[in-house]
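Architecture at a glance
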Amino acid sequence: MKKFSKILATLLAFCSLATGAFALAACEKEPQEQTGPVSDLRGTFTYNASVGETSDATKFLTVTNDQSLVDVEGQKSWLYGSYTPFSVAYDWDNQFNLGTPHHDPAQAGQGRRVAVMNYRINQQLRLNRDFTYSYVCSVIISNPCQWGSEIGRLEASVTGTFTSEAGAGTAHTVSLSDPAGGKLSLYGISSGGATDGYYWQWRVHETPDVVQNYDYADCFDAYAQSEVYRYVEARVVTVDTENNSLADELFDPYLFNLMAKYGTY
C-alpha cells in the first residue's frame, strides 16, 4: 500500500511540473499580432477653448438678431438669436460692459447693457491602430459673470473610421467618416419666467431636448437632415503629434439660436 502511495505521489508531482511548464510557456508566448493594416497615426488629441469669458470689452461675445454681424469670416463676437426673448438678451447692470462696443442703442437708451456670453469648447479625438476613432466633444454656453449660470449645452460621443495623411512637420490631416455609433444630445434654454430678455434668470434644461442616436446605420439619410448632424458629420480635421492637439472648428454662432429654438418660459 505504501509503495502504491509513493508511486501515486510521484505521478502527481510530475503532472504538476508539466502543468506549470505549460502555463509558463503560455505566459511567455507573444500576443497575437493584429491582422490587416495598422495605422501609423494613433493616440489621443485634444482641444479646449473659452470664447468671450474676458474683461476685455473688445473681445466680448454677446447676442444679436442682426444676421449680417455674425457672417463676418473669423469673427467671434456675436451669437445669433432669432427666437424671443433669447434674441434680445440684455443685462441691467454689469461691470464688464463698461465701454463695450457691443451696445445696442435701443437697449442702451433704456439703461440696458449687453448680455456677455461664454462659449466653452472641449474636444477629445482618439485615433486607434485599426483605423477607428472615438470622438467626445461638448459646447457649453453660459453667463460668465459672477454668479452666472449655464444657459445651453451640446454633448456628443461618437465612433467611426478614419484615414490620414502626413502634412508639414508633425501635423497630419485626418478624414473622419460619418459616425457609426454613439449619440449627440442638445439641451435648450429656460428663460426662468423672464420674457423681456433679462438673461440672469436663464438656465439650461435639466434633460436634453434633442437626442440623436447614431447606432443605426440605416437611418443616416434621416440624420443628415437633422439640425445637430453637422457637429459630428464626416469632415477633415488636423492633429499635431508634437503636442497632441486637435484643430476642428466647433465655434458656431448659430448654435445659440438652435438652443433657443427649444427654449421654454
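Given the structure is predicted, the values throughout are model-derived calculations rather than measurements.

This next bit is on the overall build of the protein. Looking only at helices and strands, the protein features five helices and 15 strands. Within the protein, the fraction of its 265 residues that count as buried is 39%. Across the protein, every contact between residues at least 6 apart in sequence was considered, and the portion connecting residues at least 24 apart equals 65%. When the accessible area of the protein is evaluated, it comes to approximately 14800 Å², of which 53% is carbon and sulfur surface.

Time to look at the packing of aromatic side chains. By the definition in use, this model includes nine aromatic pairs. Note on Y90 and Y198: the rings are 5.7 Å apart at their centroids and 40° apart in plane angle, and the pair reads as tilted. Remark: Y198 occurs in the loop between strand 11 (189-190) and strand 12 (203-204) and Y90 occurs in strand 4 (residues 90-91); sequence separation between them is 108 residues. For Y198, a relative accessible area of 24% translates into the label partly exposed. When the ring of Y199 is compared with that of W200, the centres are 6.1 Å apart and the planes differ by 75°; the resulting orientation is edge-to-face. Owing to a relative accessible area of 0%, Y199 belongs among the buried residues under this scheme. With relative accessibility at 22%, the residue W200 sits in the partly exposed group. Members of the aromatic cluster, connected to one another through ring pairs, are F86, Y199, W200, W202 and F256.

Our next topic: the environment of S39. The residue S39 is located in the loop between helix 1 (2-28) and strand 1 (43-51) in this model. Excluding residues within four positions of it along the chain, S39 makes contact with N128, R129, F131 and F162.

Applying the stated rule across the entire model yields six salt bridges. A salt bridge links E249 to K76; its shortest N-O distance comes to 3.6 Å. Of this pair, E249 sits in the loop between strand 15 (245-247) and helix 5 (255-261) while K76 sits in the loop between helix 2 (67-70) and strand 3 (78-80), placing them 173 residues apart in sequence. The network of salt bridges with shared partners includes E150, R153 and E155.

With respect to the helices, strands and loops of the structure, S134 is situated in strand 7 (residues 132-142). Judged by relative accessible area, S134 falls into the partly exposed class, the value being 26%. For the pair formed by S134 and G160, sequence separation is 26 residues and the distance between their alpha carbons is 6.7 Å. Once you skip the residues sitting within four places of it in the chain, S134 turns out to touch Q124, L125, R126, V158 and T159.

This brings us to unusual backbone geometry. The step from T84 to P85 runs through a cis peptide bond, and the omega angle for that step is 10°. Examined against the element boundaries, P85 turns out to sit in the loop between strand 3 and strand 4. Phi at F131 is positive, roughly 70°, even though this residue is not glycine. Topologically, F131 is positioned in the loop between strand 6 (118-127) and strand 7. Phi is positive for N244, which is not a glycine, with a value near 55°. Assignment of secondary structure puts N244 in the loop between strand 14 (235-240) and strand 15.

Calculation criteria
Residues numbered from 1 in each chain as written. Predicted model: local features only at pLDDT ≥ 70, side-chain atom pairs only at ≥ 80, totals over all residues. Heavy atoms only, no water. Helix = DSSP H or I, 4+ residues; strand = E, 2+ residues; numbered from the N terminus. Buried < 20%, exposed > 50% of the residue type's maximum accessible area, 1.4 Å probe, protein only. Contact = heavy atoms within 4.5 Å. Areas by Shrake-Rupley, 256 points an atom, 1.4 Å probe, with all protein chains shown as cover. Phe/Tyr/Trp six-rings, centres within 6.5 Å; stacked < 30°, edge-to-face > 60°. Salt bridge = Lys/Arg side-chain N within 4 Å of Asp/Glu carboxyl O.

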